[in-house]
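# Structural characterization, general
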Amino acid sequence: MEYTELLERAKAASEKAYAPYSKFKVGACVLTENEKVYTGCNFENSSFGLTICAERNAIGSAVADGELKIKAIAIYSPNTKPCYPCGACRQVMSEFVSDSGLDIITEAENGIDIKNFDEIFPEGFRL
Ligand code: THU
């Protein structure tokens, strides 16, 4: 799937975000090695620390479907452009990077921004 389409799906997912506290809506769309696609949005909780980010929500759906190799993830928020993943989500992503790497796709003010995962998360924790 084209990265522009992946970003469109992340955008659609962001509209479903449940973010009554921060008002910061995020959508994510994962593309796996088997060309499967999963979306997720952030969902918050009265107990703030229980909030789940859009990226981890999308990755969880991929994992639940047996897809463990992610080659791209698009992230979109109407609030911030570009919207890069938080540190916790980067650590979670590091577990599922495909053999050919992982592209991080976001919408910048002047078009699509594509970064290599290694560029934004060097020396991640591993057991
Ligand atoms: N959020 C995400 O969904 N992804 C990130 O990478 C960073 C933050 C959400 C969590 C919370 O609902 C809102 O954005 C504000 O932090």
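Residues numbered from 1 in each chain as written. Predicted model: local features only at pLDDT ≥ 70, side-chain atom pairs only at ≥ 80, totals over all residues. Heavy atoms only, no water.

### Some remarks on the environment of Glu44
Relative to the assigned elements, Glu44 resides in the loop between β2 (37-41) and α2 (54-64). Exposure remark for Glu44: the relative accessible area of 10% places this residue in the buried category. For Glu44 and Val26, which are 18 residues apart along the polypeptide, the C-alpha to C-alpha distance reads 11 Å. There is a polar contact of 3.1 Å between the side chain of Glu44 and the backbone nitrogen of Tyr21. (Helix = DSSP H or I, 4+ residues; strand = E, 2+ residues; numbered from the N terminus. Buried < 20%, exposed > 50% of the residue type's maximum accessible area, 1.4 Å probe, protein only. Polar contact = N/O pair within 3.5 Å; in protein donor to acceptor, adjacent residues only side chain to side chain.)

### Some words on unusual backbone geometry
Here the residue pair Lys81 and Pro82 is connected by a cis peptide bond, since its omega of 0° sits within 30 degrees of zero. Along the chain, the position of Pro82 falls in the loop between β3 (70-76) and α3 (87-93). With a phi close to 65°, Glu35 is a non-glycine residue in the positive phi region. Looking at where Glu35 falls in the secondary structure, it is placed in the loop between β1 (27-32) and β2. Relative accessible area serves as the criterion here: at 42%, Glu35 is assigned to the partly exposed category.

### Side note on α2
Within the sequence span of α2, burial applies to Ala54, Glu55, Ala58, Ile59 and Ala62. In an axial view of α2, the angular spread of the buried residues amounts to 130°, which keeps them on one side of the axis. If you follow the buried residues of α2, they end up packed against β1, β2, β3 and α3. Phi for Gly66, located one or two positions after α2, is positive at around 85°. (Arc of directions from axis to C-beta. Contact = heavy atoms within 4.5 Å.)

### Quick look at the pattern of salt bridges
According to the stated counting rule, one finds 7 salt bridges in the structure shown. The partner of Asp65 in a salt bridge is Lys36, with the nearest N and O atoms 3.3 Å apart. Taken together, the residues span a long stretch of sequence, with Asp65 in the loop between α2 and β3 and Lys36 in the loop between β1 and β2 at a distance of 29 residues. Ionic pairing is found between Lys69 and Asp99, a salt bridge with its closest N-O pair at 3.1 Å. Highlighted residues: Lys69 in the loop between α2 and β3 and Asp99 in the loop between α3 and β4 (103-108), separated in sequence by 30 residues. On the basis of relative accessible area, Lys69 is assigned to the partly exposed category, the value being 34%. (Salt bridge = Lys/Arg side-chain N within 4 Å of Asp/Glu carboxyl O.)

### Considering the packing of aromatic side chains
Enumeration over the complete set of coordinates arrives at 2 aromatic pairs. On the numbers, 5.6 Å between centres and 40° between planes, the contact of Phe117 with Phe121 is tilted. (Phe/Tyr/Trp six-rings, centres within 6.5 Å; stacked < 30°, edge-to-face > 60°.)

Purely geometric numbers; function is a separate question.
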